[in-house]
Amino acid sequence: MSSAEPLVLAIDQGTSATKAVLVDRRGDIVARGSVPLGLSTPSPGWVEQSAEEIWTGCGRAVAACLDGQDASRVAAIGLSTQRESLLLWDRATGEPLSPLVSWLDKRTAGDPALLRAVPHAELVREVSGLPLDPMFSAPKAAWLLDRYDPDRRRASAGELCLGTVDSWLLFKLGGAHLIEVGNAARTQLLDVRRCTWDRRLLRIFDVPPEVLPQVVPSQGPFPGTRGLAPLSDGVPVTAVLGDSHAALFAHAGWTPGTVKATYGTGSSVMAVVPSAARVSSGLCLTVAWQTRGTPTWAVEGNVRSAGATVNWLAGVLGRDPAELAELAADSSEGVVVVPAFGGLGAPWWDENAVGLISGLTLGTHAGHLARATLESIAFQVEDVVAAVERETGPVTRLLADGGPTGNPVLMRLQADTSGRTVERALARDLSALGAAHLAGLTRGVWDRAALERLPRPREGYAPTGDETARAHRLAHWHTAVRRARLQAATCDDGRSGEEEGRSGEEHGHLPAPPPRATAAPPRTPEPSAAQGAS
C-alpha cells in the first residue's frame, strides 16, 4: 500500500465502550483505539450515561487509534452508534440538560406518557413499525420533556434539542441538529415508510417537532468534523448507521438470505426485506439504511440481555466473565435462567416479565448455572430467528458477530439450539467496519463491486444432535419463559400464574414461536449503482 492511499476512520459508540478503527482500501483494520464507558443506575430500573463522557471518549478513542498514524490520510469518517438512548441539551450552549437515558432504561414503564399511548398502540405500531415498549425513544422523550420543560415552551421555541447518540455526536462534531434515518426509525416517532416525523405520533407522546433533529439519509449530507485531534477540522463524515444496522452492512446484508445476529450487552437479529409491509407482532419493521435512493427496510428482533446476563452471573459468582465458559458444565441438568431483568424483548415484548432461575436441586452447582446462562442467550436468539424465518422464509445459516461470539461454547450452543449453521465473523468490531464500508463507498474509496469483494472471513459451527432433543430443550425453555411472564399473576378465581399461563396459551392469548417456514425466501433486489450498497 502506497503512503498516498486513503484511509477510512470509523467511530463505534456503544453501550460499554467507544471504539475507533482505521480501515485501509483492502478492508483491513490497521489501527484501533478503545475507551470504556460507564453506566449508572440511580434508581431501580433506571440506566443512565454521561453525554459529555461519550463525547470526550470519542476524542480519546480517535487519538489512540491515530497514534503513530498519518492523520492526513483519513479521507472519510463513519459513525456507528448505540440506538434508542436519548438526551436533552441546550441548543445555544450545547450543554446537556439531562443524562443520556439508556436504551436499557425502564423508568417509563409505568409513566403517564407510555400509559397515554396504550389506546393508540395499534396506530403506533402501524406507523412506526415498533411495539409500545420502554426501550424505544418516544416515551423517554416525553419523560425528559416532562422533567425539564413541562409546558413545552422552550422545546416549541426551538431552544432545546432532543437527540439520540448519533444526533448528539453530529451536533458536537459540526453544530447541526441531525439524525440518521435508521436511528430515527428506532425512536417510535418516525413514519417508517415515509421516513419523516409523524405528527400523530408526536401528539401521542407530546413531543413538539421543533425539538427534534432533521432526518437525513445514511450517507448524509453531514457536516465536517471539528475538535477531533489529531484530525484536521473539516474531514467529512460520509456515513452514519445504528450499530446493529452497521453490523448487517458489514456482513454484506443487502444480499438475499442474509440474517445476522449481533451479540453484545443485548442482541439484535436483523434481515433485509424487499418491502415495508407490516410484520408480525413479535418483530419490528425498521429502516436498515438509506443512501441517496430509496430506503432499505429490515425486520428486527431485540434481545435485551445477552452479554449482560454473563456479566451478571460473573458478578454473583465473583468471577471474570471470560471464565464462565470454562466453568460451564456439559449440561445444565434442567436448570433454566430467564434473564428478564428489564422484561423480555422480542418476540414476547413483555415488560412485566420477571427474571427467574428454575429447575434448581440440591445438586445444582455453579457449573450448571454457567451453562444455563449461556443457553439463555442461545434460546433467546433462536426465538427471534424463528420469528424472522416466518417473514423471510427458511433460515439455514445465521451470521454472528459481536464480542460474545468469541466464546466457542456459546457458538456451539447456538448452532445446536437453532439447528442451523452459525457462521461467526472472524473480523472484530463489525459495527465499526460496517460504518467504515459505507463511509468509504460514499467517498469513493470503494465502488459497489469492490465493496462486495472485500474479504469477510468466517468460522462455521454446524449443528449436532437430533431434532427430538432440540425440540425438548426448546419446550423446556418456553415453559420457563411462561413462568417468567406470569409468575406474579394471580387470577380472581384463585388460579396460579402458571395455571393461567397454560389456560391462556390454550386459548391463543400467549404468542408461541411459530413452526419454521417451508416456502422459498423472497429475493431481495440487489442495490443499484446509484444507491450504492443499500
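Now for a description of the structure that goes with this document.

Criteria and cut-off values
- Residues numbered from 1 in each chain as written.
- Predicted model: local features only at pLDDT ≥ 70, side-chain atom pairs only at ≥ 80, totals over all residues.
- Heavy atoms only, no water.
- 1 Å grid on protein atoms, 1.4 Å probe; cavity = no way out; pocket = protein on both sides within 12 Å on 5 of 7 lines; lining within 4 Å.
- Points joined across faces, edges and corners; volume = space filled by probe spheres on them.
- Helix = DSSP H or I, 4+ residues; strand = E, 2+ residues; numbered from the N terminus.
- Nonpolar A, V, L, I, M, F, W, Y, C, P; charged D, E, K, R; others polar.
- Salt bridge = Lys/Arg side-chain N within 4 Å of Asp/Glu carboxyl O.
- Buried < 20%, exposed > 50% of the residue type's maximum accessible area, 1.4 Å probe, protein only.
- Phe/Tyr/Trp six-rings, centres within 6.5 Å; stacked < 30°, edge-to-face > 60°.
- Lys NZ or Arg CZ within 6 Å of the ring centre and 35° of its normal.
- Pairing = 2+ DSSP bridges.
- Axes fitted to C-alpha atoms, helices over the stretch in contact; angles between N-to-C directions.

### Some thoughts on empty space enclosed by the protein
Then step 1. One pass over the full model with this rule turns up 4 cavities of 30 Å³ or more.
Then step 2. By volume, the largest cavity is sized at about 70 Å³.
Then step 3. In this structure, the largest cavity is lined by L86, S137, A141, L162, G163, T164, I179, T187, L189, W197, L212 and P213.
Then step 4. Only helix 4 (137–148) and strand 8 (160–163) provide two or more residues apiece to the lining of the largest cavity.
Then step 5. Class assignment for the residues of the lining of the largest cavity results in 8 nonpolar, 4 polar and no charged.
Then step 6. In this structure, the second largest cavity spans a volume of roughly 40 Å³.

### Examining the pattern of salt bridges
Then step 1. Across all of its chains, the model carries 31 salt bridges by this definition.
Then step 2. Note that E323 and R319 form a salt bridge whose closest N and O atoms lie 3.7 Å from each other.
Then step 3. By relative accessible area, which is 34% here, E323 ends up partly exposed.
Then step 4. In this structure, E389 and R420 form a salt bridge, with 3.0 Å as the shortest nitrogen-oxygen distance. One end of the pair, E389, is in helix 12 (residues 366–392); the other, R420, is in the loop between helix 13 (408–418) and strand 21 (421–425), and 31 residues separate them in sequence.

### Structural notes on the packing of aromatic side chains
Then step 1. By the definition in use, this model includes 8 aromatic pairs.
Then step 2. Ring geometry for F379 against W477: centres 5.1 Å apart, planes inclined by 15 degrees, an arrangement best described as stacked. On the criterion of sequence distance, the pair formed by F379 in helix 12 and W477 in helix 16 (residues 467–486) is long-range, its members being 98 residues apart.
Then step 3. Accessibility expressed as a relative area gives 4% for F379, which makes it buried.
Then step 4. The class for W477 is buried, based on a relative accessible area of 1%.
Then step 5. Across the ring face of W46, the terminal group of R107 is positioned such that the distance to the ring centre comes to 3.9 Å.

### Some words on unusual backbone geometry
For residues besides glycine, phi is generally negative; the peptide bonds are generally trans as well.
Then step 1. The omega torsion of the bond from G220 to P221 falls at 20 degrees, within 30 degrees of zero and hence cis.
Then step 2. Relative to the helices and strands, P221 is located in the loop between strand 12 (214–216) and strand 13 (237–242).
Then step 3. Omega for the peptide link from A229 to P230 comes to 10 degrees, which places this bond in the cis form.
Then step 4. With respect to the helices and strands, P230 occurs in the loop between strand 12 and strand 13.
Then step 5. Here the phi dihedral of R152 falls at roughly 65 degrees; this positive angle occurs in a residue that is not glycine.

### A short note on the sheet that holds strand 14 (residues 259–263)
Adjacent strands of a sheet form backbone hydrogen bonds with each other and so pair up, either parallel or antiparallel.
Then step 1. Read from one edge to the other, the open sheet built from 7 strands follows the order 16-17-15-14-20-21-22, with strand pairing classed as mixed. The two strands at the open ends of the sheet, each matched to only one other strand, are strand 16 (284–290) and strand 22 (458–461). Ignoring which end each strand starts from, the neighbouring axes of this sheet average 30 degrees apart.
Then step 2. Two strands pair when backbone bridges link them, and strand 15 (residues 267–273) and strand 17 (residues 295–303) are joined in this way by 7 bridges, in the antiparallel orientation. Each residue of the ladder has a partner; that of A271, found in strand 17, is V299.

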